[in-house]
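Summary of structural features
Now for the letters of each chain:
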Amino acid sequence: MTDEELHDELLVLLMAGHEITAAAMTWALYWTHSLANVENRILEELDTLHVSKDPISVSQLPYLTAVCKETLRLYPAAIASSARLVTSSVELGSHKLDPGTMVMPCIYLTHHRQDLYPDSKQFQPERFLKRQFSPYEYFPYGGGNRSCIGAAFAMFEMKLVLATMLAKYKLALSENQTVHPQYQSFLLAPAGGVKMIVEKSAKSNEAKMFTAQKN
């Protein structure tokens, strides 16, 4: 690779592993504190690890992984994947696609198919403990050879940040109301962010207010 190509690839990697992860983390904090059993189960799983809690071990925790996957399923940061141009006639299900046809997989609609995800509007991490979904059923970072280059980095980062925050801080939602998604730039992020209170931390017992946002 040339220096210019390497530069461009690294920029994409950092952007993909930051913007999408930040939006997803905001949703994850909302869901883990809207449903008490989710937060408690993550903490119980973390307690099974050695006191050092090395990053690799944390990233391999099944329930934590399921929570992160369900977060990206319910409100994937990117609604649709990159468009593909048909170059030769092909049949897709009952549809015949002619050359020149533009096809764009919709991540959001696929993740809310009732035959794949019953009660798709409900946050249920257990889905990913009971079943392994194929790349055609679950693809928050797109698919094929044009899938997001930062996918693995973003998921790894999301698990570590969520686990660290829940382990070190006692958080609570400041407002008991439903947060709705809003399309911001190219991301499906919580409208207005998610306001939370730090009730207790290792450094201070004083409550502090902050807003978890995609920025």
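These lines cover the structure that appears in this document, whether it is placed above or below. As the structure is a computational prediction, the values presented were derived from the model and not from experiment. (Residues numbered from 1 in each chain as written. Predicted model: local features only at pLDDT ≥ 70, side-chain atom pairs only at ≥ 80, totals over all residues. Heavy atoms only, no water.)

Our focus in this paragraph is the packing of helix H2 (residues 19-34) against helix H8 (residues 151-168). Look at H2 against H8: their axes get within 10 Å of each other, and the N-to-C directions meet at 40°. The angle between the axes of H2 and H8 places the two elements in the oblique class. Here the hand of the crossing between H2 and H8 comes out right-handed. In contact with Thr-21, Ala-24, Met-25, Ala-28, Leu-29, Thr-32 and His-33 of H2, H8 contributes Ala-154, Glu-157, Met-158, Val-161, Leu-162, Met-165 and Leu-166. For the contact of H2 with H8, the per-class residue count stands at 10 nonpolar, three polar and one charged. (Axes fitted to C-alpha atoms, helices over the stretch in contact; angles between N-to-C directions. Helix = DSSP H or I, 4+ residues; strand = E, 2+ residues; numbered from the N terminus. Parallel < 35°, antiparallel > 145°, perpendicular 65-115°, else oblique. Left-handed = near helix turned anticlockwise from the far one by under 90°. Contact = heavy atoms within 4.5 Å. Nonpolar A, V, L, I, M, F, W, Y, C, P; charged D, E, K, R; others polar.)

Turning to the layout of surface pockets, a few remarks are in order. Taken as a whole, the largest pocket spans an internal volume of roughly 600 Å³. In this structure, the largest pocket is lined by 19 residues; those nearest its centre are Arg-84, Leu-92, Val-103, Pro-105 and Tyr-136. Sort the elements by how many residues they give to the lining of the largest pocket and strand S2 (residues 90-92) lands first, with three residues. Of the residues contributing to the lining of the largest pocket, the split by class is 10 nonpolar, six polar and three charged. (1 Å grid on protein atoms, 1.4 Å probe; cavity = no way out; pocket = protein on both sides within 12 Å on 5 of 7 lines; lining within 4 Å. Points joined across faces, edges and corners; volume = space filled by probe spheres on them.)

Another point: the nonpolar core. Within the largest apolar cluster, 48 residues are counted, with the highest numbers of intra-cluster contacts made by Ile-42, Leu-64 and Leu-162. Elements that contribute at least two residues to this core include exactly H2, helix H3 (36-46), helix H5 (62-74), H8, strand S7 (187-190) and strand S8 (194-201). Broken down by element, the residue count for this core peaks at nine residues, all from H2. Not counting residues within four places of it along the chain, the set of residues in contact with Leu-162 comprises Met-25, Ala-28, Leu-29, Ile-42, Leu-64, Val-67 and Cys-68. (Core = buried A, V, L, I, M, F, W, Y, C linked by side-chain atoms within 4.5 Å. Buried < 20%, exposed > 50% of the residue type's maximum accessible area, 1.4 Å probe, protein only.)

Let's shift gears to a negative patch on the surface. Taken together, the side chains of Glu-4, Glu-5, Asp-8 and Glu-9 define an acidic patch exposed on the protein surface. Take Glu-9: it is sitting in helix H1 (residues 3-16). Glu-9 gets classed as partly exposed once you look at its relative accessible area, which sits at 37%. (Patch = residues over 30% accessible without salt bridge, like charges linked within 9 Å, V, L, I, M, F, W, Y side chains within 5 Å. Areas by Shrake-Rupley, 256 points an atom, 1.4 Å probe, with all protein chains shown as cover. Salt bridge = Lys/Arg side-chain N within 4 Å of Asp/Glu carboxyl O. Lys, Arg positive; Asp, Glu negative; His and termini not counted. Charge placed at Lys NZ, Arg CZ, Asp CG, Glu CD.)

Where H2 meets H3, the closest approach of the two axes is 4 Å, and the angle between their N-to-C directions is 100°. In this view, H2 runs roughly perpendicular relative to H3, as classed from their interaxial angle. Touching Thr-32, His-33 and Ser-34 of H2 are Ala-36, Val-38, Glu-39 and Ile-42, all from H3. Of the residues in the contact of H2 with H3, the class split is three nonpolar, three polar and one charged.

Between two aromatic rings, the relevant description is the distance of the centres plus the angle of the planes. Enumeration according to the criterion identifies seven aromatic pairs in this entry. Aromatic side chains Trp-27 and Tyr-30 sit 6.3 Å apart centroid to centroid with 75° between the ring planes, which places their arrangement in the edge-to-face category. In this pair, Trp-27 and Tyr-30 are both assigned in helix H2, three residues apart and thus about one turn of the helix distant. Side by side, Trp-27 and Tyr-30 carry an identical accessibility label, which is buried. Where Phe-128 meets Tyr-138, the ring centres are 4.9 Å apart and the plane angle is 65°; that geometry is what we call edge-to-face. Of the two residues, Phe-128 sits in helix H7 (residues 127-130) while Tyr-138 sits in the loop between H7 and H8, which places them 10 residues apart along the sequence. Of the residues examined, Phe-128 reaches a relative accessible area of 13% and is grouped as buried. Judged by its relative accessible area of 13%, Tyr-138 falls in the buried class. A network of ring pairs unites the aromatic residues Trp-27, Tyr-30, Trp-31, Tyr-75 and Phe-123 as a single cluster. Its end group placed over the ring of Tyr-117, Arg-73 keeps NZ or CZ at 5.2 Å from the ring centre. (Phe/Tyr/Trp six-rings, centres within 6.5 Å; stacked < 30°, edge-to-face > 60°. Lys NZ or Arg CZ within 6 Å of the ring centre and 35° of its normal.)

As far as function goes, none of this settles anything; it's purely spatial.
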